[in-house]
Amino acid sequence: MSEVREKASKAQAVVTQLNRLSTEQKNNALLVMADALIAQLDSIIAANADDLERGRQQGTPESMLDRLALNKERIAGIAEGLRQIVELQDPVGEVLETFTRPNGLHVEKLRVPIGLIGIIYEARPNVTVDAAGLCLKTGNAVLLRGGSSALSSNRKIVEVLHQALATTDMPADALQLVEDADRSSVDEMLKLNGLLDVIIPRGGASLIRNVVANATVPVIETGAGICHTYVDESADPVMAAEIAINAKAQRPSVCNSMETLLLHAVYAEEHLPTLAEQLREANVQLKGCDTVRRLVPSALPVTEEDYATEYNDYILNIRVVQNLDEAMEHIARYGTKHSECIVTKDTSNAERFLHDVDAAAVYHNASTRFTDGFEFGYGAEIGISTQKLHARGPMGLPALTSTKYRITGNGQIRQ
């Protein structure tokens, strides 16, 4: 039996046991896991250092190494995410609907765990803990397959979490990590019908396309993040600059960072040179349309391909548009339905943007960097879904449940 099937089978074997755990038992397991991460902080950082060194030797860009890097503060934040999940209401068992039929049948619709969730992700080892915490809180087993670049970090994290779970009522087999770094392990996961109940991909566009195109197991699609900020004519220049710089430069390697800045023509004429200098001071390389290059001669020319690229780096496209309609047309053409922002004082334009732009998260006068389960108060997130069925946006606990109808009768038979 392959490693993938063996570990999926181990996880599936404890699903019923998981379903019997109380909220108190699940919360206790998460708290023990959080404490273990802090207690084993040095060993996790040491394992992460191996991944970082291997990445540098392979020429991995610094922005991508930042996605991979763990330190004391980040591990403390990951542990805090588990503690926040503990504080959240357990959705399992919540009665969503109840009614009695004319024949006396009493019907309840309630939330139940999905079962065994497979998660395929790339270079962010924090996902290992986030996914484990959210899945286990909702009574789901989880099969993780992280990227090869984070294998040492993920292996150590799961080892620590397994040791912690062994002291709780939570079966350690509910958390499994596929260590086979060959792409064939991903291909095998995609076809584990009968073992996996759903697969959630987290990563770049190529990973997500592969999963969506080839999986026979149901998929919840977390899309790539080509995010935009549109600065309207009436925008406050100080606010606009702060939002744009934060959206691009605060952490450019993540999916909710901005890739293209759209500027109203009137705003650009007055404020773009200053804004461009501020962006350059934040180490951002600029690409722009002809109007942008007239106002900022140092900007490189932008191409159609650039507008359709998720850089995950200190690179920003800037385009000047004539009005809100042109900005929304650009977003509709190049956006990935992830996170979009308008900066404006015009409430009618803001309302149009928020209503008409088709994205999982739409913002007025705030950075797209807030599209995150932690920032939304979910403790952590499984991913940011850009599809429209089952879940959309940052996926917290309720997104990891399904529903069941429970019917009680007193001998009714159908005529």
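Shown above is the structure to which this text applies.
This one's a predicted model, so the numbers in the text were calculated from it and none came from an experiment. (Residues numbered from 1 in each chain as written. Predicted model: local features only at pLDDT ≥ 70, side-chain atom pairs only at ≥ 80, totals over all residues. Heavy atoms only, no water.)

Caption draft 1: Focus on the state of the cysteines. Per the stated rule, a full pass over the model turns up zero disulfides. We note that Cys 135 lacks a disulfide partner, and the nearest cysteine sulfur, in Cys 255, lies 17 Å from it. Given the relative accessible area of 0%, Cys 135 is considered buried. (Disulfide = S-S within 2.5 Å. Buried < 20%, exposed > 50% of the residue type's maximum accessible area, 1.4 Å probe, protein only.)

Caption draft 2: Here's a closer look at the sheet that holds strand β3 (residues 116–121). Here we have four strands laid out as an open sheet, ordered β5-β4-β3-β6, and parallel in their pairing. Strands with a single pairing partner mark the edges of an open sheet, and in this sheet they are β5 (175–177) and β6 (198–202). Neighbour-to-neighbour, the strand axes of the sheet open up by a mean angle of 20°, direction not taken into account. Strand direction decides the pairing type here: strand β4 (residues 141–145) and β5, joined by three bridges, are parallel. Within β5, the position partnered with Val 142 by the bridge is Leu 175. (Pairing = 2+ DSSP bridges. Helix = DSSP H or I, 4+ residues; strand = E, 2+ residues; numbered from the N terminus. Axes fitted to C-alpha atoms, helices over the stretch in contact; angles between N-to-C directions.)

Caption draft 3: Expanded view of helix α12 (residues 265–281). Between its first and last C-alpha, α12 extends 23 Å over 17 residues, near the 24 Å set by a 1.5 Å rise per residue. At His 271, α12 is bent by approximately 65°, the largest bend along its length, and proline Pro 273 sits one to four residues beyond. Taken as a whole, α12 has its buried residues at Ala 265, Tyr 267, Ala 268, Leu 272, Leu 275, Ala 276 and Leu 279. Contacts from the buried residues of α12 go to β7 (227–231), α11 (237–249), β8 (258–264), β9 (285–288), α13 (290–295) and β11 (315–321). Note on α12: the residue one or two positions beyond its end, Asn 283, has a positive phi of about 70°. (Expected span 1.5 Å × (residues − 1). Bend = angle between axes of the 7 residues up to and from the residue. Contact = heavy atoms within 4.5 Å.)

Caption draft 4: Molecular detail of the pattern of salt bridges. Evaluated as defined, the whole model comprises 20 salt bridges. Taking the shortest distance from any N to any O, the salt bridge between Glu 108 and Arg 406 comes out at 2.9 Å. Of this pair, Glu 108 sits in strand β2 (residues 106–113) while Arg 406 sits in strand β16 (residues 401–408), placing them 298 residues apart in sequence. Here Glu 108 falls in the buried class, since its relative accessible area comes to 19%. In this structure, Arg 155 engages Glu 179 in a salt bridge whose closest nitrogen and oxygen atoms are separated by 2.8 Å. One end of the pair, Arg 155, is in helix α8 (residues 151–165); the other, Glu 179, is in the loop between β5 and α9 (183–189), and 24 residues separate them in sequence. According to the relative accessible area criterion, Glu 179 is partly exposed, its value standing at 30%. In this structure, a network of salt bridges that share partners links the residues Glu 3, Lys 7, Arg 155 and Glu 179. (Salt bridge = Lys/Arg side-chain N within 4 Å of Asp/Glu carboxyl O.)

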